[in-house]
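So the chains spell out like this:
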2 protein chains.
Amino acid sequence: MNRKQGILIIADGLGDRPNLALKGLTPLEAAKTPNLEGLLSSAICGNVHPVKAGIPVGTDVGHIQIFGYDYRKVYTGRGAIEAFSGGIKLKTGDVAFRGNFGTIDENCIVTDRRAGRINEDTNKLAKALNGMILEDGTEVLVNELTEHRVAIVFRGRGLSDKVEGTDPGTAMEGSRLKVSVAKDNREESKKTAKNVNEFMSKANKILGAHEVNKKRKEAGKIEANTVLLRGAGIKTEMKSIFDRYSIKAAVIAGDLTINGIGKMCGMDTFSKEIFTGSYDSDILGKGALAAECIDKGYDWVVVHVKATDLAGHDNLPFKKVEIIEKIDKMIGYISTKVDMSKTYISITGDHSTPCEVRDHSGDPVPTLISGPDLRKDGIEKIGESYFAKGALQNLNANDIFRIQMDLLGFVKKVGA
Amino acid sequence: MNRKQGILIIADGLGDRPNLALKGLTPLEAAKTPNLEGLLSSAICGNVHPVKAGIPVGTDVGHIQIFGYDYRKVYTGRGAIEAFSGGIKLKTGDVAFRGNFGTIDENCIVTDRRAGRINEDTNKLAKALNGMILEDGTEVLVNELTEHRVAIVFRGRGLSDKVEGTDPGTAMEGSRLKVSVAKDNREESKKTAKNVNEFMSKANKILGAHEVNKKRKEAGKIEANTVLLRGAGIKTEMKSIFDRYSIKAAVIAGDLTINGIGKMCGMDTFSKEIFTGSYDSDILGKGALAAECIDKGYDWVVVHVKATDLAGHDNLPFKKVEIIEKIDKMIGYISTKVDMSKTYISITGDHSTPCEVRDHSGDPVPTLISGPDLRKDGIEKIGESYFAKGALQNLNANDIFRIQMDLLGFVKKVGA
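These lines cover the structure that appears in this document, whether it is placed above or below.

Rules of the game
- Residues numbered from 1 in each chain as written.
- Chains lettered and ligands numbered in written order.
- Predicted model: local features only at pLDDT ≥ 70, side-chain atom pairs only at ≥ 80, totals over all residues.
- Heavy atoms only, no water.
- Phe/Tyr/Trp six-rings, centres within 6.5 Å; stacked < 30°, edge-to-face > 60°.
- Helix = DSSP H or I, 4+ residues; strand = E, 2+ residues; numbered from the N terminus.
- Buried < 20%, exposed > 50% of the residue type's maximum accessible area, 1.4 Å probe, protein only.
- Lys NZ or Arg CZ within 6 Å of the ring centre and 35° of its normal.
- Least-squares fit on C-alpha atoms with pLDDT ≥ 70 in both.
- Contact = heavy atoms within 4.5 Å.
- Pairing = 2+ DSSP bridges.
- Axes fitted to C-alpha atoms, helices over the stretch in contact; angles between N-to-C directions.
- Expected span 1.5 Å × (residues − 1).
- Salt bridge = Lys/Arg side-chain N within 4 Å of Asp/Glu carboxyl O.
- Polar contact = N/O pair within 3.5 Å; in protein donor to acceptor, adjacent residues only side chain to side chain.
- Core = buried A, V, L, I, M, F, W, Y, C linked by side-chain atoms within 4.5 Å.
- Buried area = accessible area lost by both parts, 1.4 Å probe.
- Nonpolar A, V, L, I, M, F, W, Y, C, P; charged D, E, K, R; others polar.

## Section: the packing of aromatic side chains
All names here are of chain A.
- The tally for this structure, following the rule as stated, stands at 13 aromatic pairs over all chains.
- Taking 6.2 Å as the distance between ring centres and 85 degrees as the angle between the ring planes, the aromatic pair formed by Phe67 and Trp300 counts as edge-to-face. Taken together, the residues Phe67 in the loop between α3 (59-66) and α4 (71-74) and Trp300 in strand β11 (residues 300-305) connect sequence positions 233 residues apart.
- Take Trp300: its relative accessible area is 0%, and that puts it in the buried class.
- When the ring of Phe97 is compared with that of Phe154, the centres are 5.7 Å apart and the planes differ by 75 degrees; the resulting orientation is edge-to-face. Remark: Phe154 occurs in strand β7 (residues 149-155) and Phe97 occurs in strand β3 (residues 95-104); sequence separation between them is 57 residues.
- Accessibility expressed as a relative area gives 0% for Phe97, which makes it buried.
- Since its relative accessible area comes to 0%, Phe154 is described here as buried.
- One aromatic cluster is present, built from ring pairs that chain together Phe67, Tyr245, Trp300 and Phe401.
- Over the aromatic face of Tyr69 sits the side chain of Arg244, whose NZ or CZ is 4.3 Å from the ring centroid.

Below, the structure is given as structure tokens:
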């Protein structure tokens, strides 16, 4: 067999619903996508469930499913992924949280969950907290992530992930900072809750008095004087993609979380400063890097674009159309750089983020797999409505992964 | 997010096969359904498996699946549901049967399994049996249901549901009344079989001598001088729909069994005398009540129509067409009474009952979900053949439930 390679583009939150502003079309249907349309002549399409019909998923679970894992077996909580993103290698017994630097007033009322989306000097704030030793000897590891985000890991004896965080939650700005409590009655849960609260009270003092915050105050910026914890997770035992399929895989993303998941799954990760995980990310640049990775010999190259999801959350259908058109241009660019007679190009999303819902929904995700020797399924236009009649309709993200691996020749025959 | 509500119409036994009398169309394809067709402009359709492809189900299992439960985890036998329908609250250890009042001759040959479809004074007959104490102290609770139907519960120590009933079965009129036997070798099974036989012999005597039967004889009607038991079931532990999804749900049905299942799942149930569960049921009246329930604030309102199934069992394709056209009129009526910009209207069946089969088959069930912000899948006509190309094709009844709950905003995201 001729050796083939594959590129999968993940447009975060790609799926949508008919939008009145787009004359009843979805953003994907409204976008001009000549390059995607060009792939249809040898492609199979469908709307695909991240897990099962009607189950909305977060970005983390969505990607774990796309990478071929059953999240029910390997997902312990977002905190575990953020530890990976922050370069902290979890040990058995560690409890990891995702966190935000945030702002509280003198009465512990959260006035900003993201400290004005602080995006400078968070490394200094993290460093000031990192290595804190609590009364019972538990150590706390703290590493900054993108912008206001931070990874926090508790390392000690007899800890549990069955504790609430200290983040009052998205809809709860203006609430009093939550006190962490045990979710069950076990001693280790109570002990961990106590540890979290001790860390919080010490962290608030350290951050409140920190040089960075003094400077922010002087500059008229709001302080980053607390960390809000949520999504406790523990080390998960998962085989790397290489161990499962013997493939050499790469992930290209601006979003640190996606890179974290990629690392967790044993893939090489690539990023650049100009891959911001935001609207201004260099999408074409990601395509160029993908072509380079193919050239370097990677079997499977994943390109992640976050901005489609942001546009969904922000209810900006025209912005979502614009991003999809940029992705289409990237596909056009890739097709000039790789040998299309030996390369499968696919596109999917981790979940749907319909603009009018402004959140993830359980709607299945438009998905296309194209390649030189693929059966075509006769779908003639790009979009959720058209894909409903496609060959991949109602499959799930694990199926789509397996199909790609099989096309690349990495799935072993069962039986003889 | 805008709050939305949903109505699900269950046309019992809706699915069918091409029928020569209908020029090779199915009843659903042959019926004039302008209101259903009107929903297609924002709808997804498909033929849906109650459980899995090729598995025919009973009404009880079909509805349990439609209400989002895996029957393999919660279904113990029809008797348990009929106890609910009859208002008997099962305790752990109880064994419940569904039953018919029937007719036997002096040699215990069953001459009519339904005592001429007796539909009066069954409350008096049930009362005469209710509270019977057997030799070993086991108590028997008996409550009448619709027409010839009755719920029978054995309450005592060391009982088992692993026993045969005493009903010789649908095709077995003219056979001898069955003697209950244990299905396994355990003592409690043997004991329960003995209890059932003791109950039968006492019940036959009591009924044979009952005033109601004397009067029936005088009036030239056949006697209801036995009860035929089948479908042993025990108490099941199931979370209510409210506990699972925090929704307020209502069931509108004429059929007591459907109301029993609704109650078992924690839904409010509504019925009226004119909802007969038969051909003469007031279908339009059910639609009016559904609109009232939406007005009262129910999140999800289920309307059940039995007559489509009856027409299948009776091999009356034109009757089935007529009932489907009545359901279509009900949908038209509902659409004038509720705010269609905030209401999802869906239709499905619990199983297929093809006229020529005269019984439930494993054919998937035509299903449609419509609503203000739904993706359309481009299906342009109503019917099994057209729906095969729809977005819901080959999903199962649990999926369809979850999709509705997700559209209403009641499914929690997994992951973050």
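On we go.
## Here we look at the relation of the copies chain A and chain B
- Once chain A is rotated about the relating axis by 121 degrees and shifted along it by 0.1 Å, it coincides with chain B to within an RMSD of 0.2 Å. Expressed as a symmetry operation, the mapping of one chain copy onto the other fits a three-fold axis. Considering only C-alpha atoms, the part of chain A nearest the rotation axis is Lys389(A), at 3.3 Å.
- Of all interface residues in chain A, a mere 6% are interface residues in chain B too; the two copies therefore contact each other through different surfaces.

## Here's the deal with the sheet that holds strand β13 (residues 365-370) of chain A
All names here are of chain A.
- An order of β2-β13-β12-β1-β11-β9-β10 is seen for the seven strands of this open sheet, with the pairing classed as mixed. Since the sheet does not close on itself, it has two edges, and those belong to β2 (43-48) and β10 (268-270), each with one partner. Neighbouring strand axes in the sheet, compared pairwise and without regard to direction, differ in orientation by 15 degrees on average.
- Running at roughly 170 degrees to strand β1 (residues 5-11), helix α13 (residues 317-337) makes contact with β1, β11 and β12 (343-348) of the sheet.

## Observations concerning the pairing of strand β11 (residues 300-305) of chain B
All names here are of chain B.
- Counting buried residues in β11 gives six out of six residues, a clear majority hidden from the surface.
- Side chains Trp300, Val302 and His304 project from β11 onto one buried face, and the interleaved Val301, Val303 and Val305 project onto a second face that is buried too.
- Alignment of strand β1 (residues 5-11) against β11, held across six bridges, turns out to be parallel. Pairing of Ala11 across the sheet is with Val305, part of β11.

## Considerations on unusual backbone geometry
Residues and elements named next belong to chain B.
- One non-glycine residue, Lys23, lies in the positive phi region at around 55 degrees.
- When you line up the elements, Lys23 lands in the loop between β1 and α1 (27-30).
- In this model, Asn394 sits at a positive phi of 75 degrees, which is unusual for a non-glycine residue.
- Relative to the elements of secondary structure, Asn394 occurs in the loop between α14 (384-387) and α15 (397-407).

## Some words on helix α11 (residues 283-296) of chain B
Residues and elements named next belong to chain B.
- Counted at 1.5 Å a residue, the expected span for α11 with its 14 residues is 20 Å, and the 20 Å between its end C-alpha atoms agrees.
- Residues Ile283, Gly285, Lys286, Gly287, Leu289, Ala290, Ala291, Cys293 and Ile294 constitute the buried set of α11.
- Gly297, located one to two residues past α11, shows a positive phi value of around 105 degrees.

## What to know about the pattern of salt bridges
- One pass over the full model with this rule turns up 56 salt bridges over all chains.
- Across the salt bridge formed by Glu237(A) and Lys235(A), the nearest N and O atoms sit 4.0 Å from each other.
- Residue Glu237(A) is classed as exposed on the basis of its relative accessible area of 62%.
- You can call Lys235(A) partly exposed: its relative accessible area is 35%.
- Among the ionic pairs, Lys413(B) bridges to Asp359(A), the shortest N-O distance being 3.4 Å. You can see Lys413(B) sitting in the segment after α15 and its partner Asp359(A) sitting in the loop between β12 and β13, one on each of two chains.
- According to the relative accessible area criterion, Lys413(B) is partly exposed, its value standing at 35%.
- Asp359(A) gets classed as partly exposed once you look at its relative accessible area, which sits at 32%.
- Put simply, Arg17(A), Asp363(A), Lys4(B) and Asp373(B) are held in one network by salt bridges that share partners.

## Some details on the environment of Ser85(A)
All names here are of chain A.
- Among the structural elements, Ser85 can be located in helix α5 (residues 78-85).
- A relative accessible area of 8% means that Ser85 is categorised as buried.
- Put simply, Ser85 and Gly46 are 39 residues apart on the chain and 32 Å apart in space, counted from C-alpha to C-alpha.
- If near-sequence neighbours (up to four positions away) are discounted, Ser85 is found in contact with Leu145, Leu256, Thr257, Gly260 and Lys263.

## What about the pairing of β12(A)?
Residues and elements named next belong to chain A.
- Most of β12 sits out of view: six of its six residues are buried.
- A two-sided burial pattern is seen for β12, the buried positions comprising Thr343, Ile345 and Ile347 on one face and Tyr344, Ser346 and Thr348 on the other.
- Where β12 and β13 come together, three bridges link them in antiparallel fashion. Residue pairing across strands places Ile345 opposite Ser370, the latter belonging to β13.

## Quick notes on the side chain of Glu82(B)
Residues and elements named next belong to chain B.
- Tracing the chain through its elements places Glu82 in helix α5 (residues 78-85).
- There is a polar contact of 2.9 Å between the side chain of Glu82 and the side chain of Thr257.
- In this view, Glu82 contacts Arg98, Leu145, Ala151 and Thr257; residues no more than four positions away in its chain are not counted.

## Details of the nonpolar core
All names here are of chain A.
- The biggest cluster of nonpolar side chains holds 41 residues, and the ones touching the most others in it are Ile7, Ile9, Ile252, Val301, Ile327 and Leu368.
- Elements represented by at least two residues in this core include exactly β1, α2 (34-39), β2, β9 (249-252), α11 (283-296), β11, α13 and β12.
- Counting residues per element, this core draws most heavily on α13, which supplies seven residues.
- Apart from residues lying up to four places away in sequence, Leu368 is in contact with Leu36, Leu39, Leu40, Ala43, Ile44, Cys45, Ile345, Ser346, Ile347, Ile382 and Phe387.

## Remarks on the interface of chain A and chain B
- Contacts between chain A and chain B engage 36 residues on the former and 26 residues on the latter.
- Across the chain A to chain B interface the summed buried area is about 2200 Å²; carbon plus sulfur atoms make up 51%.
- Counting across the interface, chain A meets chain B through two salt bridges.
- Note that Asp373(B) and Arg17(A) form a salt bridge whose closest N and O atoms lie 2.8 Å from each other.
- Our enumeration of links across chain A and chain B arrives at 17 residue pairs in polar contact (both at pLDDT 80 or more).
- At the level of secondary structure, the elements contributing two or more residues to the side of chain A that touches chain B comprise α3 and α14 (384-387) of chain A.
- With three residues, α3(A) is the single largest residue contributor to the side of chain A that touches chain B.
- For the side of chain A that touches chain B, the residue count by class is 12 nonpolar, 14 polar and 10 charged.

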